[in-house]
Amino acid sequence: MIKDLFHKNRPTYSLEVFPPKKDTDVSVIYDALDEFKALHPSFISVTYGAGGNTAENTFAIASYIQNQCGIEALTHLTCAAIPDKLFLTNFLTNLYRNGIHNLLALRGDQPLWMSDEQFAARYYEHASDLVKDVREAYPFSVAGACYPEIHQEAAGLDEDIANLKIKVEEGVDFLITQLFYDNETFYHFLDKVRGVGIEVPVLPGLMPITSFGQVKNIVGLSGTKIPKELAEAIEKYKDNPADLKKASLAYTKKQMEDLLSHGVDGIHLYSMNKVEIAKAVYE
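Scope of this entry: the structure provided in the associated data block. As the structure is a prediction and not an experimental result, all values here were calculated from the model.

What counts, and where the lines are drawn
Each residue is numbered by its place in its chain's sequence as written, counting from 1. At least 70 in pLDDT is required for a residue's local features to be given in this predicted model, at least 80 for side-chain atom pairs to be given and counted, and no such filter applies to totals for whole chains, interfaces and linings, which use all residues. To get the side-chain values, all heavy atoms of the structure are used, and hydrogens and water are removed first. Here a helix means four or more residues in a row that DSSP labels H or I, a strand means two or more in a row labelled E, and each is numbered from the N terminus. Only the C-alpha atoms count toward the radius of gyration. The rule for a globule is 2.2 Å times the residue count to the power 0.38. In this analysis, two residues are considered to be in contact whenever any of their non-hydrogen atoms come within 4.5 Å of each other. Only the protein chains shown count as cover for residues, and the accessible areas themselves come from Shrake-Rupley with a 1.4 Å probe. Charge assignment in this entry is limited to Lys and Arg as positive and Asp and Glu as negative, and neither His nor the chain termini are counted. To locate a charge, take atom NZ for lysine, CZ for arginine, CG for aspartate or CD for glutamate. The buried label goes to any residue with under 20% of its type's maximum accessible area, the exposed label to any with over 50%, and the partly exposed label to all in between, with areas taken from a 1.4 Å probe on protein chains only. Every definition here rests on a 1 Å grid over the protein atoms only: cavities are sets of points where a 1.4 Å probe fits but cannot get out, pockets are open sets enclosed by protein on both sides within 12 Å along at least five of seven lines, and lining residues have some atom within 4 Å of a point. Grid points are joined across faces, edges and corners, and a volume is the space filled by probe spheres set on the points. Each residue is assigned to one of three groups, with Ala, Val, Leu, Ile, Met, Phe, Trp, Tyr, Cys and Pro labelled nonpolar, Asp, Glu, Lys and Arg labelled charged, and all others, Gly among them, labelled polar. In this analysis an axis means a line fitted to C-alpha atoms, helices contributing only their contacting stretch, and an angle means the value between N-to-C directions, from 0 to 180 degrees. Each angle is binned into one of four classes, with values under 35 degrees roughly parallel, values over 145 roughly antiparallel, values of 65 to 115 roughly perpendicular, and all other values oblique. Two helices crossing with the near one rotated counterclockwise from the far one by less than a right angle form a left-handed crossing, whereas a clockwise rotation gives a right-handed crossing. Side-chain atoms within 4.5 Å link the members of a nonpolar core, which is a set of buried Ala, Val, Leu, Ile, Met, Phe, Trp, Tyr and Cys residues.

Points about the overall build of the protein
Scanning the protein for helices and strands turns up 11 helices and eight strands. Taking 19 Å as the expected radius of gyration for a compact globule of 283 residues, we find that the protein reaches 18 Å, a close match to that expectation. Its C-alpha atoms put the protein at 55 × 45 × 45 Å along the principal axes. Considering only contacts in the protein between residues 6 or more positions apart, those separated by 24 or more positions represent 79%. Summed over its atoms, the accessible surface of the protein is roughly 13,800 Å², and 51% of this surface lies on carbon and sulfur atoms. Charge separation in the protein, taken as the distance between the mean sites of 27 positive and 39 negative side-chain charges, equals 3 Å.

Focus on the side chain of T224
Within the fold, T224 resides in the loop between α8 (212-222) and α9 (228-236). Since its relative accessible area comes to 2%, T224 is described here as buried.

Re the layout of surface pockets
The calculated volume of the second largest pocket comes to roughly 460 Å³. Along the walls of the second largest pocket sit 21 residues, with R10, P11, T12, Y13 and Y282 positioned nearest its centre. Secondary structure elements with two or more residues in the lining of the second largest pocket: β1 (12-17), α10 (241-261) and α11 (275-282). Examining the composition of the lining of the second largest pocket, we find that six residues originate from one element, α10, more than from any other. Per-class residue counts for the lining of the second largest pocket are 12 nonpolar, four polar and five charged.

Quick word on the environment of Y96
Looking at the secondary structure, you find Y96 in helix α3 (residues 85-97). Given the relative accessible area of 23%, Y96 is considered partly exposed. In sequence terms Y96 and Y13 are 83 residues apart; their C-alpha atoms lie 24 Å from each other. In this structure Y96 touches H101, Y138, P139 and F140, once residues within four positions along its chain are discounted.

Some thoughts on the packing of helix α7 (residues 183-195) against α10
Where α7 contacts α10, the axes come no closer than 11 Å and their chain directions differ by 30°. It follows from the interaxial angle that α7 and α10 lie roughly parallel. Both α7 and α10 take part in a crossing whose hand is right-handed. Between α7, through N183, F186 and Y187, and α10, the contact on the second element is made entirely by Q255, D258 and L259. For the contact of α7 with α10, the class distribution of residues is three nonpolar, two polar and one charged.

Re the nonpolar core
Judged by nonpolar contacts, the single largest core of 62 residues is most densely connected at V17, F36, I65, L130 and L175. Once residues lying within four places of it in the same chain are set aside, the contact partners of L175 are G144, A145, C146, L164, V168, I198, V200, P201, V202 and L203. The next biggest cluster of nonpolar side chains, apart from the first, holds 23 residues, and it includes F6, L179, L203 and I218.

Examining the environment of P201
Inspection of the secondary structure puts P201 in the loop between α7 and β7 (202-206). For P201 and F186, which are 15 residues apart along the polypeptide, the C-alpha to C-alpha distance reads 14 Å. Residue contacts for P201: discarding those within four places in its chain leaves F6, D173, F174, L175, R194 and D265.

Below is the structure:
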C-alpha cells in the first residue's frame, strides 16, 4: 500500500491520470500507462468523473495500473458521487477484491447535472465523513487533499487547517496538495500544518503549463497565483507553444529541485495523461 512507501528515506514520485471523456478512444490512456510504467512511479492516481460519469473507466484504469503494470493505484472518490452507504460499501468491496487498496477521499465539486438542492443534501457532506466510513469498511491506505493557498470556500488558512486536522484524525495516511507555483506559500502552509500536530506525509502537487489557454483554466479553477518569473515567461512565449512548454518545464524543474532540497516527502505530478511531460520531469 502507498502508506508503506514513505518509510524508505527517499522521496516518492507519483503521477495523476484521468479517464478519457465519453466517446473518445479509451486505448490512448492504456498506451500512456504502458509508457508511464517505464518511469517507475511510486504510484499513479486516477481521477473520478464528476458525479461518477467515468466511474467504470476509473475502476478499469486503476485495475490496469495495479494488476497489469504492477504499480500502486490510487483511486479518487468524491462525496457527490455517493448516494448512500450501501453504494460506498459495494464500491469499496469491488476495489479491495481487485487488489486496489488505496483511495483518495475528496469532497469534490458540484457536478453540472446536480442541482444546488441535491448537492446540499448529499449523503456525505465532507471528505472527513467519507474517510470515517472507508476506515470502518476496509483497511485502505487513505489519502486526502489539501490546499496551500486555502480552499476557496474556507474563511481563512486557520479554518482550512482545522478542517484538515479533522480529516487526518479520521484516518488519512497522507496528503496531496492542490497544484501551486509558489514554493514559499507551500512552506508557510507546511509550517502551519505541522504546528497543529498534523504529521502525515504531505506531497506537493506540480503541474507544468503546456499552453497559454491552460493558464486561465488553472487560475480560474484552483485560484492559484502565478509568480512573477513564471508570469513573465508565459507572456513572453504565449504565441510560441513549443518555447512556452520548454520555459514552463524549466520552471517546474527549478521548483521541484527547491522542494527536494527542503526534504519534501515526494513529488506528485499532475501529468494530464501526457507522457512527454512526465518523462521530462522524471529525468
